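# Observations on the model geometry
The chain contents come next:
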Amino acid sequence: MAAASPEESIMSKEKEANINVYVRIRPLSREEIIAGDKCAVTALKDGKTAQVVEEGGGYKLTTRTFKFDGCLGPTADQDQVMERLKVVKMLDSVLEGYSSTIMACGQTGSGKTYTMSGRDEGVHKGNNLGKMERKEDGLIARSVSYLFESINKRTSNSDQEKIYTMRASYYEVYNEQVNDLLRLDAPPRDVKWSSKDGFYVDNLLLVDCETLDDVFAVLEEGSRNRKVGSHEMNKDSSRSHCIMTLHVDSNFWIGDCAPITRYGRMLFVDLAGSERLKKSKSSGEMLRETGNINRSLFTLGKVISALSEGKRGDGMVPYRESLLTKLMMESLGGNSLALMIACVSPSSSALDETLSTLHYGTCAKHIINAPSVNMDARDKVVLELELEIVRLKKENSLLRSKLGLADEEEIATTVTIPPYCASAKRNKSPRKTSTESNCKTSGLAKADLGNPSLEKQLKGLEKLFAKDGNFYQRFATFIFGGKRRLR
Ligand SMILES: Nc1ncnc2c1ncn2[C@@H]1O[C@H](COP(=O)(O)OP(=O)(O)OP(=O)(O)O)[C@@H](O)[C@H]1O
């Protein structure tokens, strides 16, 4: 895909977008097959619908369908997930300065960690060319590889020295506290608020990543330090909500001005799974964990439900009721592009949880975010002014062509400032110039000079512009036959 220019990317997006929701149905596990569970959830051929078949009393069957942006069945491999979910599009946006979030939700053992991190997460052997070597790598490893590949391509086509920098952080929300997974010796981190960044984790370690292996090292360290426990439903169950963030800053230059920086961010959120205590048989410390997991997921549900009803803003939406929802504020109803993967087991014994996940996803589909490029206010103004100049130049050139005048660029090489130009009058003697700034004051091509009737008409126009500020607007309206915004 051809990369959009910074100007194009800013002008073309900046509009509201729904959260994309996909369902992934994992295969029946060995334990489920041994227990004689039936397959009750299937992906229909349209690639978008999940069908649930419930057994009532006797032979009565009830079929329910849930439609999403996509539904992937048990045979879909990690490659297909990456492709069908259009993750690359989100990653391209990150390189253009947007925030993107991919979050996996679903009951315990439904395949969230498998989808995000793959199997044997943490034992990656990447290389700096970004080639994929492992079939079971999850979305995080694949995304990081794509980002490096794409950055390499973009920078090799540019003569600027350093365009992209990448830093990574990895933390978990465990029992309503935030732990930095890259600094286990550090005390729990505070969640603070700023008007610029919203809620953020204070004092989090950000690791500079110059190569793919640097990011894989962060992944490995974070995954190793994440709280994992074993219960009846998953022997490697994640006991915390995990958020890995890639900060991708990109610099670009317009003309001679100082570089403009855009702050792209990619968030990978692997939520802890909801679980029924009756089934998971958690006890002791795990029981407390389960309580906290279910409570924060309940709040997340409330936030999703409020947003899907069209409520907006802090206050109307209960973001502040849990740490997880505070930290997800940008992703849910904020300025991030967002993708939710609802993971489900196909097993008939997990039907209640599966239905609850599908309802969760159905609600989330209605959430509207307003993606916008992250950049400093000063840079935004500079960029807007640059874009305005480009627009005005185009408009000017169009006006000139309608008037039958030569293009400014042509004048730049040949122009003699006409005698009636104010600046020329001040200087008295006409000058030869090749700079653009001088040609802006001239307004005529050499060939046009000496044409007395044209000179007279233009003089008249100039007088009208000077006398009547609105004349330019009316003039443009007359020329273009419609209303145009001219500043
Ligand atoms: N699509 C899949 N294909 C093959 N195996 C899968 C798939 N999805 C999940 N599994 C396997 O199912 C088991 C449970 O998956 P996983 O640990 O990813 O669940 P989880 O939703 O993250 O659970 P928890 O919330 O308890 O952490 C793992 O052994 C995993 O390898």
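Residues numbered from 1 in each chain as written. Predicted model: local features only at pLDDT ≥ 70, side-chain atom pairs only at ≥ 80, totals over all residues. Heavy atoms only, no water.

Glancing now at the overall build of the chain. On a plain count of helices and strands, the chain comes out with 17 helices and 18 strands. Contacts in the chain between residues far apart in sequence, at least 24 positions, make up 68% of those at least 6 positions apart. Approximately 24,700 Å² of the chain is accessible, and the part contributed by carbon and sulfur atoms is 53%. (Helix = DSSP H or I, 4+ residues; strand = E, 2+ residues; numbered from the N terminus. Contact = heavy atoms within 4.5 Å. Areas by Shrake-Rupley, 256 points an atom, 1.4 Å probe, with all protein chains shown as cover.)

All right, on to the site of the ligand then. Near the ligand lie 16 residues; those nearest to it are Thr108, Lys112, Tyr114, Ser237 and Ser238. Serine 110 places a polar main-chain atom, nitrogen or oxygen, 3.1 Å from an oxygen atom of the ligand. Between an oxygen atom of the ligand and a main-chain N or O atom of glycine 111, the distance comes to 3.0 Å. Across the complex, the protein chains shield 81% of the 630 Å² of accessible surface that the ligand would expose by itself. Of all the elements in the fold, those that place two or more residues in the shell around the ligand are helix H5 (112-117) and strand E14 (234-238). Each residue belonging to the shell around the ligand can be placed in one class, and the counts come to two nonpolar, ten polar and four charged. (Near = heavy atom within 4 Å. Polar contact = N/O pair within 3.5 Å; in protein donor to acceptor, adjacent residues only side chain to side chain. Nonpolar A, V, L, I, M, F, W, Y, C, P; charged D, E, K, R; others polar.)

With that settled, the discussion passes to empty space enclosed by the protein. If you roll a probe as big as a water molecule over the atoms, it shows you where there is empty space left. In the structure shown here, the tally under the stated rule is four cavities of 30 Å³ or more. In this model, the largest cavity occupies a volume close to 70 Å³. If you go around the largest cavity, you meet eleven residues; those closest to its centre are Val173, Asn175, His241, Asn292 and Ile293. Counting residues per element, the ones that place at least two in the lining of the largest cavity are strand E8 (164-174) and helix H9 (285-308). The element that contributes the greatest number of residues to the lining of the largest cavity is H9, accounting for four residues. Across the lining of the largest cavity, the residue classes tally to three nonpolar, five polar and three charged. (1 Å grid on protein atoms, 1.4 Å probe; cavity = no way out; pocket = protein on both sides within 12 Å on 5 of 7 lines; lining within 4 Å. Points joined across faces, edges and corners; volume = space filled by probe spheres on them.)

So, on to the environment of alanine 272. Mapped onto the fold, alanine 272 is located in the loop between strand E16 (260-270) and helix H8 (277-280). Residue alanine 272 is classed as buried on the basis of its relative accessible area, which comes to 2%. Along the sequence, alanine 272 and serine 237 sit 35 residues apart, while their C-alpha atoms lie 8.1 Å from each other. Excluding residues that lie within four positions of it along the chain, alanine 272 makes contacts with Gly106, Lys112, Ser238, Arg239, Ser240, His241, Ile293 and Leu297. (Buried < 20%, exposed > 50% of the residue type's maximum accessible area, 1.4 Å probe, protein only.)

Counting buried positions over the seven residues of strand E7 (residues 99-105) gives seven, a clear majority of the element. Where burial is concerned, the two faces of E7 agree: the one with Ser99, Thr101, Met103 and Cys105 and the one with Ser100, Ile102 and Ala104 are both buried. Looking at chain direction, E7 and E16 are connected through six bridges and run parallel. Paired with alanine 104 across the strands is aspartate 270, a residue of E16. (Pairing = 2+ DSSP bridges.)

Now for helix H4 (residues 87-95). In terms of burial, H4 is largely enclosed, as seven of its nine residues are buried. Positioned one or two residues after H4, glycine 97 has a phi angle of 100°, which is positive.

The full count for this structure, using the stated rule, is zero disulfides. Residue cysteine 209 stays outside any disulfide, its sulfur separated by 16 Å from that of cysteine 242, the closest cysteine. Looking at cysteine 209, the relative accessible area reads 5%, which means it is buried. Free of any disulfide, cysteine 242 has its nearest neighbouring cysteine sulfur in cysteine 343, separated by 15 Å. The buried category is assigned to cysteine 242, whose relative accessible area is 1%. (Disulfide = S-S within 2.5 Å.)

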